[in-house]
Amino acid sequence: MGDKGIMALEAKLLQKMGQSLLMTPQLQQAIKLLQLGRQEYLDAIHQELLENPLLEEIPFGDEGGEAPQTPSEIPPPPPSEDTETRSVDPEARSDWEDFSDFFTDYSGAAQPKGALSAEEYRPLYELIAVQSETLVDHLGEQLRFLDITESERNLVLYLIGNLSRDGLLVHPIEELAAETGTPVGELVSAREILKNLDPPGVGTIDIGECLLVQLERLGHIGLESTIIKKHLDKLERHQLDRIAKEEGITIAEVQRAVGIIQQLEPHPGRQFADDSQRYIVPDVYVHRVENDYVIELNEDGIPRIRLNDFCVQLLQEPPIGRDGNKQYLQERYKSASWLLKSIQQRQRTIFKVTESIVKFQRHFLDAGIHHLRPMVLKDVADDIGMHESTVSRVTSNKYVHTPQGVFELKFFFTSGIKGDEGDVSSSAVRERIRALIGQEASGHALSDQQLVEVLEKEGITIARRTVAKYRESLGIESSARRNKIASFSKKK
């Protein structure tokens, strides 16, 4: 080979600069708090108060002499001998600034001037909570026993936080990678780990992939998989004859394969969903004051917390040797600091998103459901300078009390149907269909085509199959079925 061959094997040291965001436990905590519903958020705060001696609840009526609510207002504790692991504030502050795109700051107050607090404007709601294992709990418990790195574990936990109630991954991997600065390949690998957990199909991106994962675990990778990959649309319409014709097989073979597919679970997270009836406690109130709307966060029942003065003073004292207690307090201080910041950002973000929704949906607030305008996550995200996935998390499991009733924040994001005076919200069309069916005479039910014709006269252009889909989503039977029910009722 000679000198040329030796040179070909020469090792070189190259320096490359780049920026990336790491999925630190602090960011995980911020994301987790942001997407929690009210009861889960309340439970999380109570748990932190129990576990962290640096935190204390502010007594009711304690208006004066409060400890600062943000750790940046408190002098950082002196660093210990191991400055790399014990330095608290600089690391926390730096990490938080890195995620400024994730949580855009809000300059307004959490309790705006003019917010109403009179009893008549604050309806009471009883919350009935049922304790049961959640999908997140179930997946997290399995992660404890996997032989994976801490980095992989953090990424899988992050993906778990982005699952829908059905257990599907609702945001594209590329979007999540861009949001966190994580290489796409690492998130893809983390998703593969997640897909191997129980229940089968969790972490998949759609129903097709969900069913394929379950088939693979069952060892059915033949005709059943082919039907899912190529004929899922025909399967949904029960067109077994077309599947048989295109695949050159008998209908009996297709039926046997479909029988196996029907045993699968297209919604793997459903078994962990708590469908018990419960009353809703709003996270936000929107009050009408003269010709304007005022937004008020619902802080009732939520503990107000601060750093414990006594423990903070202990941290200011110089260490005596290898003081294990002080090292513990420094770690707890860092955790408490991040919790307080996360709480502030959560409340500000909810306020800001609600403020944008109110601006876009002013006609709905003034006049009701028929004036709900089409709106997507991107509209609010662009308006307030946040990422769409952040808006999605904020609006999940959060409820707002408005002059028109109580709604989940996600309710306001709907597609549009063409109308004579611009696009009409699909939710508004659903409600109009419900109203028309509710007004029909007994025994003279409106068919889907008749509903299409009525809506067209009202300036709404809609296909018959869309009317049928909306009617079914409302839990309303077909016109033939409604007429049969009416006829049976008359005979009785």
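Given the structure is predicted, the values throughout are model-derived calculations rather than measurements.

## Looking at unusual backbone geometry
So, step 1. Between Asp-198 and Pro-199 the backbone carries a cis peptide bond, its omega angle lying at 5°.
So, step 2. Within the secondary structure layout, Pro-199 lies in the loop between α9 (184-195) and α10 (207-218).
So, step 3. Even without a glycine there, the phi angle at Glu-290 is positive, about 55°.
So, step 4. Here Glu-290 is to be found in the loop between β2 (284-289) and β3 (292-297).
So, step 5. Although it is not a glycine, Asn-397 sits at a positive phi angle of roughly 60°.
So, step 6. Here Asn-397 shows up in the loop between α18 (388-395) and β5 (399-402).
So, step 7. A relative accessible area of 39% means that Asn-397 is categorised as partly exposed.

## Thoughts on the sheet that holds strand β6 (residues 405-408)
So, step 1. Spatial strand order, β3-β2-β5-β6: four strands in an open sheet with mixed pairing. Looking at strand neighbours, the two that pair on one side only are β3 and β6, the edges of this open sheet. Neighbouring strand axes in the sheet, compared pairwise and without regard to direction, differ in orientation by 25° on average.
So, step 2. Here β5 runs beside β6; their pairing, made up of four bridges, is antiparallel. The residue bridging His-401 from the neighbouring strand is Val-406, located in β6.

## Overview of the nonpolar core
So, step 1. Val-286, Val-353, Ile-357, Met-375, Val-380, Val-391 and Phe-412 are the most contacted members of the largest nonpolar core, which totals 27 residues.
So, step 2. At the level of secondary structure, the elements contributing two or more residues to this core comprise β2, β3, α15 (324-360), α16 (362-367), α17 (377-384) and α18.
So, step 3. The leading source of residues in this core is α15, at six residues.
So, step 4. Leaving out residues up to four positions away in the same chain, Val-353 has contacts with Val-380, Ile-384, Val-391, Val-394 and Thr-395.
So, step 5. The next biggest cluster of nonpolar side chains, apart from the first, holds 23 residues, and it includes Leu-139, Leu-143, Leu-176 and Val-202.

## Remarks on the pattern of salt bridges
So, step 1. Taken as a whole, this structure holds 17 salt bridges when the rule is applied.
So, step 2. Its salt-bridge partner being Lys-234, residue Glu-246 comes within 3.7 Å of it at the nearest N-O pair. One end of the pair, Glu-246, is in helix α12 (residues 240-247); the other, Lys-234, is in helix α11 (residues 223-236), and 12 residues separate them in sequence.
So, step 3. In this structure, Glu-431 engages Arg-434 in a salt bridge whose closest nitrogen and oxygen atoms are separated by 3.3 Å. Residue Glu-431 and its partner Arg-434 are located together in helix α19 (residues 426-439), separated by three residues, close to a single helical turn.
So, step 4. Of the residues examined, Glu-431 reaches a relative accessible area of 27% and is grouped as partly exposed.
So, step 5. By relative accessible area, which is 40% here, Arg-434 ends up partly exposed.
So, step 6. When salt bridges with common partners are traced through the structure, they connect Arg-191, Glu-192, Lys-195 and Glu-209 into a single cluster.

Calculation rules
Residues numbered from 1 in each chain as written. Predicted model: local features only at pLDDT ≥ 70, side-chain atom pairs only at ≥ 80, totals over all residues. Heavy atoms only, no water. Helix = DSSP H or I, 4+ residues; strand = E, 2+ residues; numbered from the N terminus. Buried < 20%, exposed > 50% of the residue type's maximum accessible area, 1.4 Å probe, protein only. Pairing = 2+ DSSP bridges. Axes fitted to C-alpha atoms, helices over the stretch in contact; angles between N-to-C directions. Core = buried A, V, L, I, M, F, W, Y, C linked by side-chain atoms within 4.5 Å. Contact = heavy atoms within 4.5 Å. Salt bridge = Lys/Arg side-chain N within 4 Å of Asp/Glu carboxyl O.

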